[in-house]
Amino acid sequence: MSFVNETIQKLVADGTMQPTDSVLTICAGRREHENFQRNGFTKVTISNLDERVAPEEFAPYDWSRQDAGSLTYEDHSFDFCFVNAGLHHCDSPHRALLEMYRVARKGVIVLESRDSVTMRCAAMFNFVCTYELEAVILNDFKCGGVNNTNVPNYVYRWTEREFEKTINTHNPTGKHRFQYFYGLLLPHLFIGMSKNPLKKLAYYCILPFVFLLTKLFKKQMNQFAMIAIKPRIPADIWPWLVKSGDTWQLDRDFAQTKYRV
């Protein structure tokens, strides 16, 4: 079972998502179409900058050409916004994440690579890529890089703390619910494209140690699902805030009970 499919199934099983939820998938394609259809979702929009695939191939889902860093949808247009291995192709992964947050009513689901000690060591010894040349090579040197151009993108990797700081900074009005899942995806494709036989030999020699390490320490796995569920109103709103019209502001009465004002 793919990590994407496993993540969706877990979120449905624990009640975070329902197949009737509306979902916008960004930087998406056939994989997202297959995984959401496999799990019975009925209201999915597949979006991407890449127009090489005909929109009718995503039926019964909708298709839309979207720049992840500047989505054309109104605020809260979908229940969830979803991305799998797409933010690291954006010239500003954080801006794209916050665009996802903006158009979502309930929350965002992000699958990316995790920034761990293991991944840093793997990058240092060139067992995983830092700049994703193979994505452009496999797209006939025409696209697949940063913002889907033919310039190879830097692979931006995340941590739990960075994800939470980005979300909480953007919306400091209440308590978010964060969830994380971990999986292992070995870079067979990247290694297989190498012309260096010693590199391939070294890679397969260290695989048993990688399996052992990631079994003992799950956060050293390289597949990483980050989920942020938005604060419920009013249950999750911080007690020092009060609604004024359409906006939140510091509650003067609350402040006066805690501070000299």
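Residues numbered from 1 in each chain as written. Predicted model: local features only at pLDDT ≥ 70, side-chain atom pairs only at ≥ 80, totals over all residues. Heavy atoms only, no water.

A.B. asks: What should I look at first to understand the pairing of strand E8 (residues 241–244) in this one?
C.D. replies: Sheet faces and side chains relate simply in a regular strand, where the side chains alternate between the two faces. Pairing analysis gives four bridges linking E8 to strand E9 (residues 247–250), with the strands arranged antiparallel. Each bridged residue has a counterpart across the sheet, and for Lys243 the counterpart in E9 is Trp248. Taking the residues that link successive antiparallel strands as the turn, the E8-E9 hairpin has two residues, and the phi of Gly245 there is positive, at about 70°. (Pairing = 2+ DSSP bridges. Helix = DSSP H or I, 4+ residues; strand = E, 2+ residues; numbered from the N terminus.)

A.B. asks: Explain the nonpolar core to me, please; I cannot follow it from the model alone.
C.D. replies: Here is a general trend for soluble globular proteins: nonpolar side chains tend to be buried in one another's company. Residues Ile26, Leu87, Val108 and Phe163 are the most contacted members of the largest nonpolar core, which totals 26 residues. Among the secondary structure elements, those contributing two or more residues to this core are strand E1 (22–26), strand E4 (78–84), helix H3 (93–103), strand E5 (104–113), helix H6 (160–170), strand E6 (177–183) and strand E7 (223–229). No other element matches H3, which puts five residues into this core. Not counting residues within four places of it along the chain, the set of residues in contact with Leu87 comprises Ile26, Pro93, Ala96, Leu97, Met100, Val110, Glu112 and Trp158. (Core = buried A, V, L, I, M, F, W, Y, C linked by side-chain atoms within 4.5 Å. Buried < 20%, exposed > 50% of the residue type's maximum accessible area, 1.4 Å probe, protein only. Contact = heavy atoms within 4.5 Å.)

A.B. asks: Help me understand the packing of H3 against H6 in this model?
C.D. replies: Helix-helix packing is described using two parameters, namely the angle between the two axes and the distance between the axes. Interhelical geometry of H3 versus H6 gives an angle of 55° and a closest axis separation of 11 Å. Judged on the interaxial angle alone, H6 and H3 are oblique. Helix-helix and strand crossings are classified by hand; for H3 and H6 the assignment is right-handed. Facing H3, whose interface residues are His94, Leu97, Leu98 and Tyr101, H6 presents Glu162, Phe163, Thr166, Ile167 and His170. Along the lines of polarity and charge, the residues of the contact of H3 with H6 split into five nonpolar, three polar and one charged. (Axes fitted to C-alpha atoms, helices over the stretch in contact; angles between N-to-C directions. Parallel < 35°, antiparallel > 145°, perpendicular 65-115°, else oblique. Left-handed = near helix turned anticlockwise from the far one by under 90°. Nonpolar A, V, L, I, M, F, W, Y, C, P; charged D, E, K, R; others polar.)

A.B. asks: How should I be thinking about the sheet that holds strand E3 (residues 62–65) in this particular structure?
C.D. replies: In sheet architecture, strand pairing relies on hydrogen bonds along the backbone and comes in two forms, parallel and antiparallel. In spatial order, the strands read E3-E2-E1-E4-E5-E7-E6; together these seven strands make up an open sheet with mixed pairing. Both edges of this open sheet fall to E3 and E6, since each of them pairs with a single strand only. In this sheet, neighbouring strand axes are inclined to one another by 20° on average, regardless of whether the strands run parallel or antiparallel. Bridge count between E1 and strand E2 (residues 43–48): four bridges; the pairing is parallel.

A.B. asks: When you look at the side chain of Glu164 in this model, what are you seeing that I'm missing?
C.D. replies: The residue Glu164 is located in helix H6 in this model. Despite its burial, Glu164 remains without a salt bridge, the nearest opposite charge being carried by Arg161 at 4.5 Å. For Glu164, the residues in contact, after removing those within four places along its chain, are Phe178 and Tyr180. (Lys, Arg positive; Asp, Glu negative; His and termini not counted. Salt bridge = Lys/Arg side-chain N within 4 Å of Asp/Glu carboxyl O.)

A.B. asks: Explanation requested: helix H2 (residues 30–38) in the structure shown.
C.D. replies: Every α-helix carries 3.6 residues per turn, so stepping three or four residues along brings you back to the same face. Among the residues making up H2, those that are buried are Glu32, His33, Asn35 and Phe36. Against the buried residues of H2 lie helix H1 (3–13), E1, E2 and E4. Positioned one or two residues after H2, Gly40 has a phi angle of 80°, which is positive.

A.B. asks: It is not clear to me how the packing of aromatic side chains should be interpreted in this structure. Could you clarify?
C.D. replies: As enumerated under the stated definition, the model contains 13 aromatic pairs in all. Taking 5.4 Å as the distance between ring centres and 65° as the angle between the ring planes, the aromatic pair formed by Tyr156 and Trp158 counts as edge-to-face. Among the residues examined, Tyr156 registers a relative accessible area of 23% and is labelled partly exposed. Assessed through its relative accessible area of 0%, Trp158 is described here as buried. Here Phe163 and Tyr180 contribute two aromatic rings whose centre-to-centre distance is 6.3 Å and whose plane-to-plane angle is 75°, an arrangement assigned as edge-to-face. Separated by 17 residues along the polypeptide, Phe163 in helix H6 and Tyr180 in strand E6 bring together distant segments of the chain. Between the NZ or CZ atom of Arg114 and the centre of the ring of Phe224, over which it lies, the distance is 5.8 Å. The ring of Tyr101 carries Lys230 above its face, with NZ or CZ at 4.3 Å from the centroid. (Phe/Tyr/Trp six-rings, centres within 6.5 Å; stacked < 30°, edge-to-face > 60°. Lys NZ or Arg CZ within 6 Å of the ring centre and 35° of its normal.)

A.B. asks: What's the story with the packing of H1 against H2 in this structure? I'm lost.
C.D. replies: Direction vectors running N to C along H1 and H2 enclose 35°, while the axes themselves pass 10 Å from each other. When the axes of H1 and H2 are compared, the crossing they make is right-handed. Here H1 contributes Val4, Asn5 and Ile8 to the contact with H2, which in turn contributes Asn35, Phe36 and Arg38. Of the residues assigned to the contact of H1 with H2, the class counts are three nonpolar, two polar and one charged.

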